[in-house]
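# Fold and geometry: a report
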Amino acid sequence: MTSPVTETKAMIAGMRPALQPGEYAFVVWPSDAEWPKGTRASCIEAEGLSLIVPFEAAQTGAVPMRCITLQVHSSLEGVGLTAAVSSALAQAGIPANMVAGYHHDHVYVPSDQADKAVAILTELQRGAAE
């Protein structure tokens, strides 16, 4: 197993953004209800339980999102990867919802902007690798 990457430029240069299959939605879920199969993440907030679920499990009106996984094993103590990614996407007018896992960071973007987001992040990676 490789060690997590902590240096900012190395995290960006190694991120290898990969668009994951499927569409997802951020939803508020009843705390006593069973989670839908394929739930990607959870967060307990003061207002209730938030889940990232397959789009088909979401209520009407949910925004369809795609997940881009940054394949670098970024350190939880690394600084700057989230800022660089969200800033690059913000400059292009693309909303970025960041979710950190133990091994990787994941960026949820509106489905209709996912391909453009991957292209922007790939270009950001190339620039850091030079």
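Use the structure listed above.
Calculation rules
Residues numbered from 1 in each chain as written. Predicted model: local features only at pLDDT ≥ 70, side-chain atom pairs only at ≥ 80, totals over all residues. Heavy atoms only, no water. Buried < 20%, exposed > 50% of the residue type's maximum accessible area, 1.4 Å probe, protein only. Helix = DSSP H or I, 4+ residues; strand = E, 2+ residues; numbered from the N terminus. Pairing = 2+ DSSP bridges. 1 Å grid on protein atoms, 1.4 Å probe; cavity = no way out; pocket = protein on both sides within 12 Å on 5 of 7 lines; lining within 4 Å. Points joined across faces, edges and corners; volume = space filled by probe spheres on them. Nonpolar A, V, L, I, M, F, W, Y, C, P; charged D, E, K, R; others polar.

Most of strand E7 (residues 105-110) is tucked away, with six of its six residues classed as buried. In terms of strand pairing, strand E5 (residues 65-70) meets E7 through six bridges, oriented antiparallel. Looking across to E7, one finds that Thr-69 is bridged to His-106. Sheet analysis places strand E6 (residues 97-100) next to E7, joined by four bridges and oriented antiparallel. Its bridge partner being in E7, Ala-100 is matched across the sheet by Asp-105.

Time to look at the layout of surface pockets. Estimates place the volume of the largest pocket at around 150 Å³. Mapped by element, the contributors of at least two residues to the lining of the largest pocket are strand E2 (24-29), strand E3 (41-45) and strand E4 (48-54). Residue contributions to the lining of the largest pocket peak at four residues, all from E3. Of the residues contributing to the lining of the largest pocket, the split by class is eight nonpolar, two polar and one charged.

Let us now look at the pairing of E5. Counting buried positions along E5 yields six of six residues, so the element is predominantly enclosed. Here E5 shows a buried face lined by Met-65, Cys-67 and Thr-69 and a second buried face lined by Arg-66, Ile-68 and Leu-70. Of the pairings in the sheet, the one linking strand E1 (residues 18-19) to E5 comprises two bridges and is antiparallel in character. Pairing of Ala-18 across the sheet is with Thr-69, part of E5.

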